[in-house]
Amino acid sequence: MTASPAMATTLTQLATAMFTVRDQDAALAFYVDVLGFEVRGDQRFGENDEHRWLEVAPRGSAARLALLPPMGGTPGGSAIGVESSDVLAEHARLAARDDVEVGPTPTREPGAPLLFDVPDPDGNVVWIVAAAPAG
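Residues numbered from 1 in each chain as written. Predicted model: local features only at pLDDT ≥ 70, side-chain atom pairs only at ≥ 80, totals over all residues. Heavy atoms only, no water.

Observations concerning the pairing of strand S6 (residues 115-119)
Pairing of S6 with strand S7 (residues 125-130), which is carried by 5 bridges, proceeds in the antiparallel orientation. Looking at the pairing, leucine 115 lines up with valine 129 of S7. The turn linking S6 back onto S7 is made up of 5 residues, and glycine 123 within it adopts a positive phi angle of 90 degrees. (Pairing = 2+ DSSP bridges. Helix = DSSP H or I, 4+ residues; strand = E, 2+ residues; numbered from the N terminus.)

Examining the sheet that holds strand S3 (residues 51-57)
The strand order across the open sheet built from 4 strands is S1-S4-S3-S2, with neighbouring strands paired in mixed fashion. Across the chains shown, the open sheet's two edge strands, defined by having one partner strand only, are strand S1 (16-20) and strand S2 (38-45). In this sheet, adjacent strand axes meet at a mean angle of 25 degrees when their direction is disregarded. Its contacts with the sheet place helix H1 (residues 24-34) against S1, S2, S3 and strand S4 (64-68), and it is angled at close to 10 degrees to S3. (Axes fitted to C-alpha atoms, helices over the stretch in contact; angles between N-to-C directions. Contact = heavy atoms within 4.5 Å.)

A short note on H1
For H1, every residue scored as buried is listed here: Gln24, Ala27, Leu28, Phe30, Tyr31 and Val34. Between a side-chain oxygen at the N-terminus of H1 and the backbone nitrogen of aspartate 25 the separation is 2.9 Å; the capping residue is aspartate 23. Note on H1: the residue one or two positions beyond its end, glycine 36, has a positive phi of about 80 degrees. (Buried < 20%, exposed > 50% of the residue type's maximum accessible area, 1.4 Å probe, protein only. Polar contact = N/O pair within 3.5 Å; in protein donor to acceptor, adjacent residues only side chain to side chain.)

Written out as structure tokens, the structure reads:
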């Protein structure tokens, strides 16, 4: 599929991924206290402030993760990848906690980055992936 010159895009970068969660405060605690993310936004909106837009991200990340209540469905079922400068150290750090489920110790597979998974309490999966070499 090719784009025609008349249909040039204005899209510039991936900014916000979205996970659905049962409880925004519990999700916030997981992402901040377990994974070490920081809060990037926490605003109420709607006619009576009945909705909440909550964003978190790893320190220094341009992209953000919005933690939102499900809209008509059940929470969970999404996945993102987060780069790490030391995947094995991050795996050891998370595996040492008793309050988080961590995938098996990563092994090197030809053609794939070093990675492991950490599901959040709602079944969304965060893949911890080796940072791509600078180049």
